[in-house]
Amino acid sequence: MTELLVAGWLALAAYAVYLAALTIRHHPDPGDYLDAGGRLPGWSFCFAAAGIALAALIPYAHLQFAAHFGLAYQHVALGLVVAALVATLFHKRLWLAARITGSRGLANLLGLHYRSVAVRITIWCLTLLFTLPFAARLLGHLGDLAVAALGHDVERATAIWVLALMLFLPAVIGGWRGMVYGITAQTTLGVVLLAMVAVAGAVHLDWAAGLLASEPGNPASLIPGVMQYSGGIGAGEPSAVWTTLGIFSFTLAIAAIMISPAVVLLVTSTEAGGQRTFAFTSVWMIAGAAMAALMLVTPLLAAGLVATQGSALPLGYSALASVLIGLDPLLSVALFLGVGVTLQLFIALLAQSGASLLVMEVLDRYVLPDLSARGRRFAGRMAVTVIFVMMALLASTLPVMTAALASVTLPLAIQALPALLGLCWVRWISRSAVLTGIIVGSLLVIFTEPLGLIIFSALFVELPWGRWPWTIHSALWGLTFNVAAVLLVSIFTRGGEERLHRDRLHDRFRAHHAQDFGGPAARGAKWSLTLLWAFFAIGPGAIIGNTIFSRGVIQAQDATLAMPSLYVWQITFWLIGVFIVWWLAYQARLGVVETKVAPPLDLDPPLPAFHSRVPAWIATSLQRFADIRPARSP
Amino acid sequence: MRADRHIAASPTRHLDPAARFGRHAFVMTVWLPAGISGLLLLAIGYRLLMPGYVAAGFAALLAGFAGHVLINVLQGTHFSTREVALWLVSYGMGIAYFLMMLLAGSVAPRALFLPTVLGLVSIPIAVGLYLVIRYGVRRAFESFDVISNFRV
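As a convention, each chain's residues are numbered from 1 in the sequence order in which they are written. In the order they appear in the text, chains get letters beginning with A and ligands get numbers beginning with 1. Restriction of local features to residues with pLDDT of at least 70 applies here, the model being predicted, together with a cutoff of 80 or more for giving and counting side-chain atom pairs; totals for whole chains, interfaces and linings are based on all residues. In computing side-chain values, all of the structure's heavy atoms are included and hydrogens and water are not.

1. Looking at the overall build of chain A
Phase 1: Secondary structure follows DSSP: runs of H or I at least 4 residues long count as helices, runs of E at least 2 residues long count as strands, and numbering of each begins at the N terminus. Tallying secondary structure elements over chain A gives 27 helices and zero strands in all.
Phase 2: Its C-alpha atoms give chain A principal-axis dimensions of roughly 80 × 70 × 60 Å.
Phase 3: Across the 634 residues of chain A, 58% fall into the buried class.
Phase 4: Excluding contacts between residues fewer than 6 apart, the proportion of contacts in chain A whose partners are at least 24 apart in sequence is 84%. Any residue under 20% of the maximum accessible area for its type is buried, any over 50% is exposed, and the rest in between are partly exposed; the area is computed with a 1.4 Å probe on protein chains only. Between two residues, a contact is recorded if the distance between any of their heavy atoms is within 4.5 Å.

2. Description of the environment of A:L132
Residues and elements named next belong to chain A.
Phase 1: When you line up the elements, L132 lands in helix α8 (residues 117-149).
Phase 2: The exposure class of L132 is buried, given its relative accessible area of 12%.
Phase 3: Here the alpha-carbon distance between L132 and I387, two residues 255 residues apart in the chain, equals 7.0 Å.
Phase 4: For L132, the contacting residues outside a window of four places in its chain are I387, M390, M391 and L394.

3. Digging into the interface of chain A and chain B
Phase 1: Between chain A and chain B, the residue contacts involve 26 residues of the former and 22 residues of the latter.
Phase 2: Taken together, both faces of the contact between chain A and chain B bury some 2,100 Å²; the carbon and sulfur share is 80%.
Phase 3: Buried area counts how much accessible surface, traced with a 1.4 Å probe, disappears from two parts once they are put together, with both parts' losses summed. Among the residues of chain A in contact with chain B, A:W43, A:M196 and A:L330 are the three that bury the most area, contributing 26% of the side total.
Phase 4: Any N or O atom pair separated by 3.5 Å or less is treated as a polar contact, with the protein-specific requirement of one donor-capable and one acceptor-capable atom, and with residues adjacent in sequence counted only for side-chain atom pairs. Joining chain A to chain B, the criterion identifies three residue pairs in polar contact (both at pLDDT 80 or more).
Phase 5: Going through the elements one at a time, α1 (2-26), α3 (42-56), α9 (156-200), α10 (202-205) and α16 (329-367) of chain A are the ones with two or more residues in the side of chain A that touches chain B.
Phase 6: The element that contributes the greatest number of residues to the side of chain A that touches chain B is α9(A), accounting for nine residues.
Phase 7: When residue character is reported, Ala, Val, Leu, Ile, Met, Phe, Trp, Tyr, Cys and Pro are called nonpolar, Asp, Glu, Lys and Arg charged, and the others, Gly included, polar. When grouped by side-chain class, the residues that make up the side of chain A that touches chain B number 19 nonpolar, six polar and one charged.

4. Here we look at the confidence of the model for chain B
All names here are of chain B.
Phase 1: What pLDDT conveys is the predictor's confidence in a given residue, as a value from 0 to 100. Chain-level pLDDT for chain B is 85 on average; 85% of the residues reach the 70-or-more range.
Phase 2: Element-level pLDDT for chain B is lowest in helix α6 (residues 146-149), with a mean of 65, against a maximum mean of 93 in helix α2 (residues 51-75).
Phase 3: The low-confidence segment residues 1-9 (pLDDT under 50) makes 15 contacts with residues lying over four places distant or belonging to another chain.
Phase 4: For this predicted complex, the interface score ipTM comes out at 0.84, while the overall pTM is 0.90.

5. Topic: the pattern of salt bridges
Residue and element names in this part refer to chain A.
Phase 1: Whenever Lys or Arg places a side-chain nitrogen within 4 Å of a carboxyl oxygen from Asp or Glu, that contact is recorded as a salt bridge. Following the criterion strictly, the structure yields 14 salt bridges over all chains and no others.
Phase 2: Residues D32 and R177 are paired through a salt bridge, measuring 3.6 Å at the closest nitrogen-oxygen approach. With D32 in helix α2 (residues 32-35) and R177 in helix α9, this pair connects stretches of sequence that are 145 residues apart. The pair D32 / R177 is uniform in exposure class, with both members buried.
Phase 3: Close ionic contact of E498 with R502 constitutes a salt bridge, the shortest N to O distance being 2.8 Å. With E498 and R502 both in helix α24 (residues 497-512) and four residues apart, this pair spans about one turn of that helix.

6. Let's talk about the packing of helix α7 (residues 106-114) of chain A against α24(A)
All names here are of chain A.
Phase 1: Angles run from 0 to 180 degrees between N-to-C directions of axes, and those axes are lines fitted to C-alpha atoms, restricted for helices to the stretch in contact. Direction vectors running N to C along α7 and α24 enclose 125°, while the axes themselves pass 8 Å from each other. Compared by their axis directions, α7 and α24 come out oblique. Between α7 and α24, the contacting residues are L112, H113 and Y114 on the first element and H501, R502, L505 and H506 on the second.
Phase 2: Considered class by class, the residues forming the contact of α7 with α24 number three nonpolar, three polar and one charged. Reported orientations rely on four angle classes, namely roughly parallel under 35 degrees, roughly antiparallel over 145, roughly perpendicular from 65 to 115, and oblique for the rest.

7. Some thoughts on the packing of helix α6 (residues 79-101) of chain A against helix α13 (residues 261-268) of chain A
All names here are of chain A.
Phase 1: Remark: α6 packs on α13, axes separated minimally by 9 Å, with the N-to-C direction vectors making an angle of 65°. Judged on the interaxial angle alone, α13 and α6 are roughly perpendicular. Seen from above, α6 lies across α13 with right-handed handedness. Every residue of α13 that contacts α6 at H91, L94, W95, A98 and R99 is listed here: V263, V264, V267 and T268.
Phase 2: Class assignment of the residues belonging to the contact of α6 with α13 gives a composition of six nonpolar, two polar and one charged. In this scheme, a crossing is called left-handed if the near helix is turned counterclockwise away from the far one by less than a right angle; it is called right-handed if the turn is clockwise.

Here's what the structure looks like:
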């Protein structure tokens, strides 16, 4: 199996390099390197976005957790429907905002809209977190996977560096377009291989027996309550983490990937005018195909693994890998490649987007504004190199610190939600409100994740709570206080001159790109159905799904199903979720881009000659430091 | 003028080089998983002597073909000459390999003779169906009517 797996991995790497080389030959314009000139074909966005949504759940880890925690953990797969809803809500408006204002990248868009350097800096920090520790953590996962698959014949660090090199070569050659083309192929490959193993592996894994064995009352097929009043992991350990509130809050973190800087760059660099690209992606690719891979494939595989093992699978890559290696060798190779490519595509996207955004939003805007297109391409290549080296270093030498930093990345990303709502929909959300919300939300996130707990206990005293208190994920802790702060501050700061600036973009949206929510009844139905879905699918109402299809209501006798009641509930609400996303994306036109885009708007007027772009408060602070003189001795 | 009645000889010429490359990447996005999963399933089927896997392997290859047709419809193109040539060579090599194994007296090709032959036959049938649906019976036939090309 080892030779076949290595050959498969090398063949994929060679294909990525081939595609990158072809890209640079057919698109020799250096201006294309960082963002494909904003002309990525729509089909590539469809596949890439679906792959990223799938990769956000890290299929290898998902499989492992589903085989350990059972269907309670499998429930978080519904997070992809939430991700599709978030994509529906924001992608079209972000694309329009980028086209109208002539800017790319999340930091640029938010910075221009709120006229705030602080917002830009916040988004850069977020980009950095995604690009380095988060991607490094994924690279570490990929290294662990390779080590386990190769039977521990190679060192972890060696595996990480070799894999980083394999990902680096196509990135540095092909740029943004080459990388996106590469991940489209990897997305389809990952989904097809996973589906193939689930179906073809039925003989070896006996997943049917695994599912049939999940009779009512089996703890592996039940959600363990709405929430648990425990201090969190590490303090007053909860008996089970995946309560309904645990699931709901975790899905928020998953959905954050759709508004992450990398995905926003993908959105704004796509050619989508007059097309239904965003609607198709949200409905059929993310909520449909990617979700199907998780909803129909992983439970079967997990049930099969449990059936093979005879008990819940212990946590850890070795346990999972040892079961997988015991399968048919060809199936093992297919499964390892399937889960491996989903990790690879995510790492490639984060590294490449980090490099592009660094050059476009920092270097090109503040440091070297007169840089030529060739210079920007060179800078992009240098940035990719530095990012891959640092990523491999972090993954191979500092795994614990990397994991601690990576754990806060997605929950911190969702803290940008109010800022994006302000940019795309709600004009009264002000700069002060956004900043206050981000600060409050981020503090909550950090102090409900290991990063804050470790730092605080090392510096001061041990905090009385652990990770995810009350089984609520840090994303929800942060977002709750974030939204409260935004609402409170917006009450006092919603007007003024700043409001007139924000209104300019929203007036363009209203005049040229109004949505079609229908009459009051249709409008109410759309939002109320979405909220009802959220309550029953991923909220407290999901607890009903534990037994509703198996426990007799009229008769005392339990119904005999071929699968657990909770699994039926999950599939039912997945299908309803697809319908809701379709209704919003197509019928309300949230995902349909008009042929004619609103006229351009200059939110970033040219500065007078000799005027520095450095904001006054930064210049003043630097000046104060520079003016400090040592006290004269008498 | 007769040439335009035949299926276009350079079916992607109207695309600019960048768009042609985009189409190539799209086609590869479909064929990479279809080809790999199809070959893996065929290999598993032959190793375990299970006809279901062999059928699934051919189904994956047919799905790849269907995806390719879909791309052509979406982008207003046809199969390029290189694609047709690659297909013919791969198909011919597949048949040759199967015949060689059969002649060599291997157990697997005999045990899986029916699913393999059905699978191999299903591919030209699918191609024929595609041609008839897209171009009609007459034009589909004319494109293979090499004798008429030599008419003075």
